[in-house]
Every structure is written in structure tokens, then in C-alpha cells.
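# Descriptive analysis of the structure
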Amino acid sequence: MAIGALMRSLLPVAAVVAAIISVWYALAVQMNSDWALDRAGQNGIELSFGALVKNTMSQDRPLLPAPHQVAVELWETTVEKKITSKRSLVHHGLITLSATVFGFAIGTALGILLAVGIIHSRAMNMSIMPWAIASQAVPILALAPMIIVVLYSIGVSGLLPKATISAYLSFFPVVVGMVSGFRSPDPMQFDLLKTYAANPWQAFWKLRVPASMPYLFTSLKVGIAASLVGAIVGELPTGAVAGLGARLLAGSYYGQTIQIWSALISAATLAALLVGSIGIAQRLTLRRMGMLR
Amino acid sequence: MADIQGHQPVGDAIISANDLCLAFETRDGTVEALRNVSLDIGRGEFVSLIGPSGCGKTTFLRVVAALEAPTSGSVSVKGMTPDDARRARAYGYVFQAAGLYPWRTVAANVRLPLEIMGYSRSEREKRVRNALDLVELSAFGGRYPWQLSGGMQQRVSIARALAFDAEILLMDEPFGALDEIVRDRLNEQLLALWRKTGMTVLFVTHSIPEAVHLSTKIVVMSPRPGRITSVIDSPLPPERPLEIRDTPEFIKVAQGVRLGLREGHIGD
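Residues numbered from 1 in each chain as written. Chains lettered and ligands numbered in written order. Predicted model: local features only at pLDDT ≥ 70, side-chain atom pairs only at ≥ 80, totals over all residues. Heavy atoms only, no water.

This part is about the overall build of chain B. Helix and strand counts for chain B come out as eight helices and nine strands. The globule rule puts the C-alpha radius of gyration for 268 residues at 18 Å, and the 18 Å found for chain B is close to it. Overall, the C-alpha framework of chain B stretches about 55 × 40 × 40 Å when taken along its three principal axes. Expressed as a percentage of the 268 residues in chain B, the buried residues total 56%. Taking the intrachain contacts of chain B between residues at least 6 apart in sequence as the baseline, contacts between residues at least 24 apart amount to 71%. (Helix = DSSP H or I, 4+ residues; strand = E, 2+ residues; numbered from the N terminus. Rg over C-alpha atoms; globule rule 2.2 N^0.38 Å. Buried < 20%, exposed > 50% of the residue type's maximum accessible area, 1.4 Å probe, protein only. Contact = heavy atoms within 4.5 Å.)

In this model, helix α9 (residues 200-235) of chain A (36 residues) spans only 43 Å end to end at C-alpha, well below the 52 Å of a helix rising 1.5 Å per residue. Maximum bend of α9 of chain A: about 50°, positioned at M213 of chain A, with proline P214 of chain A one to four residues after it. (Expected span 1.5 Å × (residues − 1). Bend = angle between axes of the 7 residues up to and from the residue.)

Strand pairing in a sheet relies on backbone hydrogen bonds, with the paired strands running either antiparallel or parallel. All names here are of chain B. Strand order across the open sheet formed by six strands is β5-β6-β7-β3-β8-β9, with mixed pairing between neighbours. Two strands close off the open sheet at either side, each with one partner strand: β5 (91-94) and β9 (227-233). If you compare each strand with its neighbour and ignore which way they point, the axes differ by 15° on average. Running at roughly 150° to strand β7 (residues 200-205), helix α1 (residues 57-64) makes contact with β3 (46-50), β5, β6 (168-172), β7 and β8 (217-222) of the sheet. Sheet contacts for helix α5 (residues 150-162): β5 and β6; angle to β5, the most-contacted strand, approximately 165°. (Pairing = 2+ DSSP bridges. Axes fitted to C-alpha atoms, helices over the stretch in contact; angles between N-to-C directions.)

Moving on, we get to a nonpolar patch on the surface. There is a patch of nonpolar side chains on the surface, built from V23, L27, M31 and L63 of chain A and spanning about 360 Å² of accessible area. Within the fold, V23 of chain A resides in helix α1 (residues 2-42). (Patch = residues over 30% accessible without salt bridge, like charges linked within 9 Å, V, L, I, M, F, W, Y side chains within 5 Å. Areas by Shrake-Rupley, 256 points an atom, 1.4 Å probe, with all protein chains shown as cover. Salt bridge = Lys/Arg side-chain N within 4 Å of Asp/Glu carboxyl O.)

On to the environment of Q30 of chain A, then. Within the secondary structure layout, Q30 of chain A lies in helix α1. A sequence separation of 26 residues divides Q30 of chain A from T56 of chain A, and the C-alpha atoms of the two residues are 8.2 Å apart.

Our next topic: the state of the cysteines. Residue and element names in this part refer to chain B. Evaluation of the coordinates by the stated rule reveals zero disulfides over all chains. No disulfide involves C21; its sulfur sits 15 Å from the nearest other cysteine sulfur, which is in C55. Residue class for C55 comes out buried when judged on its relative accessible area of 0%. (Disulfide = S-S within 2.5 Å.)

What follows deals with the domain arrangement of chain B. Residues and elements named next belong to chain B. Here the domain parsing of chain B yields domain 1 (13-90 + 167-265) and domain 2 (101-165). Computed over C-alpha atoms, the centres of domain 1 and domain 2 are 25 Å apart. Every contact between the two is made by 15 residues of domain 1 and, on the other side, 13 residues of domain 2. When residues of domain 1 are sorted by the area they lose upon contact with domain 2, R89, Q189 and L193 head the list and together hold 43% of the total. (Domains from an automatic or database assignment. Buried area = accessible area lost by both parts, 1.4 Å probe.)

Below, the structure is given as C-alpha cells:
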């Protein structure tokens, strides 16, 4: 029974993955064949279809690397390389991860504080919200180099500038989500507390905070993904020193498409792991609170 | 016309409203939710406010609870202003929806007002137990609200209002969302509870049988503007099993209420 259910849910997932991989292979053959045909033409060789397909999947710098090439590169740069190696994706991933988590912590704390201010003060509601929205309308790619340069000029470099960009991107979903969360109890609930002559502090801790928990985790999921993007973007203007962003930049400098794709897939995997772990924290918390049936 | 029952202040009134008016400003102009409402409620009485929607019965309850401020006129609750009575935790309020916190167990929901009011831990446990006993839900303290039926949830919310030493119970259509069978049972339980605790109950409803069954005094209200059209003292004995609804006395009081409601609509 359980296995049947598992198979039923696994089957569509497997089908989608298989479809994506086959489309990917087809695109790789199509996109890389021009270069293969050019080379063959220069050398006066006639390529059979089988040889062409084989060639498109084993180029050093293909336009679009085939999935197995990326898989091999990923295996080599994670499992086979020492973590201390400059070519280890684990090494770069950990650097990006630390900036992501640090920035996420700052952004979340800032977001919650702002939300608390906004729900308790009309003036803050009117003055903070427009700026928070405007802040997200500025393209982060334009802003990131300035943040890096400004912080560098006052002697701050390394983790903190990247974390600042992460925080900048991740505070916003937290503010928006937590303002909704803190305001989510219906007026009757606030009336009830008023009949107990509860003070605002009690209303906050006994009603607003627990009621906001589902909103918090939803915001955190969006926030941590944004945080990762911020950390990667923050690694681009530093001149490709370290981190997944640096691997992306170095890859594009030298036309190492396989390296770019492995860095992209590492970033995506990292994002999935981060969002997934917040999902687990969400389930544990809500179950503990009795809010999961 | 507005004040049919001449207002004579009663000496031992626990709630006393005098010439109360309340107007809301809306986009469609001023709405008179209450006009010249005067009412005295004696200690230990069970008073129902009945009338069609928009007659101000809930508004009146909210004014007594200091959840709404009157435009003019005065109210005293236990000799205090409503707001002082609220701060003195003089009343328990039961809303139409149970409004239990989904993240708290039944016992923890009943404990909520006690935590806010700063009762000691041992006192809280004792009171939660007593309140759950009163509504016959002692076995359900560890459950979460979603595990309970609507009627049980409403009983928890009544227990929550009974947990602290309020002398007055304000109830705003507490059984309005429940089906008739559950409602009849809860009416009987509420009567038993009222006799046991000796509380003063102010009860908003739009059901004539419910009002007649429960009340020592029925206040009939009418809308536009919200006002009291008649006050009927019930001659029914304090002991009221469900079968009392078939007696001639009950039917006579119910007729009186129906007549009052109809008169309120003349001129509409």
C-alpha cells in the first residue's frame, strides 16, 4: 500500500526528470553540432550522424554541455577533489553558504524588527513600507558593486559585504510576510484580549507571534533563496576570488561552460537544500504547536 | 415612541444604561445603532436582547463591554464606567465564534485569560479544571480545538469566560452558528450553569424560543434606529427543562415577544 503510493508519486517526478534530460540532450546535440561540423569541414572530414552526435557530447567547451559532462565535472569537483582545493565546488559552495546564512540571519532579524515597528506605529507603516518596496525595485546587479566598493573603502571586506547584499534581498519578503502574519488574527481575537484588559506586550506574544508562524516560514523560504542569489551576486564584482559566483564568473571568462553549469547546478542544489531545511523546521514547529493536523 | 418602557433606575442594578445613543458615520451617512436606550439589569438576572439584525443588540453588548463608546448617555457596570469595569475584569465575553487559539490545547485556551491576569500556576490549574468541569469537558483538556465539534468549541469558549471571577457573562449569539439539536442541549447546560454560578447574564440572540427559554427578562429591540421597543419579564419558574417549551405559559411569553418584534417593524 505504502509502496504503491510512493510509486504513484515517484513516477510523475521521474517522468518529468527524464523528459528534461532528454530535451537537454537534444538541445546539446543541436547547439553543439555547428562547431563540430565546422571543425570537420576545416579538416576535410565527412561526419556520419553517429560520429556527430558523439562529438557534440564530448567537446571541451561546448555551447551547451551534455548532462553527463556536467555530472562528471560535478563528481570530480566535489567527491574527488579535496575540500581545501581551489577547484573543489564544496569549498566554493561553503564560502557562498556562509555568506548566505549570515546575510539571511541579518535580513530576517531586520525584517522581523521592521514588521514589529510597522504594525505598532502608524508613522513607521507610512514611512518604512515605501522605502522597503523601492529598495527591491533597484536591480541588485547595479547595487551590488557599489555596496562592495563602499564597504571596501571603509575597510570592510570578505564575508560581510556579501552578507549585506544577501540581507538586502532577504529582509523584504520577511517584512511583507510578517506584517501580514502579525495582522492575521481577526478583530474578534483582539477584542477578546481587550476584554481581558491585556496589554500590547501580551497581545504580541500570546496572539500575534503564534498566529504569524505559518507566515514566518513562508517568508523564510523566499528569503533564503533570495539570500543565496544575493551572496552569488555579491561574489561577482569581487574579481572572482572564491564562491559559486566566482566559479560562474571564472567559467564565463575562460569559456568553461561545463564549469558554469556545474556551478549553476550546485547553486540550485544548495537552494533546494536550504529551502528544504526550512520546510523541515516549519513542519517540526507547527507540529509542536499543534497546528498541523 | 422610542422609549416605551419608562426608565426607573433600580437600586441593585448591576448594569444600568441611561439614555444611550450611538451613531456610526458610514459612507452612506449616519447610522443610528442605538437611540435613547435605557435599561437596568439586576444582579443574577438572565437578560436576553432580541431583535432583527441591525437593531443594535450586539452594539449594546459591546458598549457594556467597553468595546464600543457611546455617542451620548451613560452606562454603569458594577457602579463603574464600562472601561473601568473592563480593566477590573468584571465580565466574561463570549463571541459568536468560539475563537479558540488553534496552537493551544483546550486547557491552554481556558488558561489564556488566567495567564494574562497573572494568576499563580497552581491557581490556574485549579481554575482550568473547575471551568472545564462546569461545561462538562474535563476529559478534553489535552485536545486541540480542531479535534472538537463546533458545539464543544463553543463550550470551551464559555469555560474560558468562566475561568476568572467575572460576575457578569456577556454572550453575543454564542449558539447562532450551531444546529438546533446542539443548541437546545447547550441552552439547558447554560441554564444549569447560570443557576449554579449565580452570574448575571446578558445574552444576545435572534431566536424567540431561545430567548424565552433562558431569560428572566427579554428585551425586544428594533432597527433603524436601534432602540428598545418592549421589555418583557418572564413569569416562567427558574427550573426549566426543555419540555417547558410546550407549556401554555411558555407559548404566551413567546407570543408576547413576537408581538413586540412585529410592533417594532411598524413604520418600516
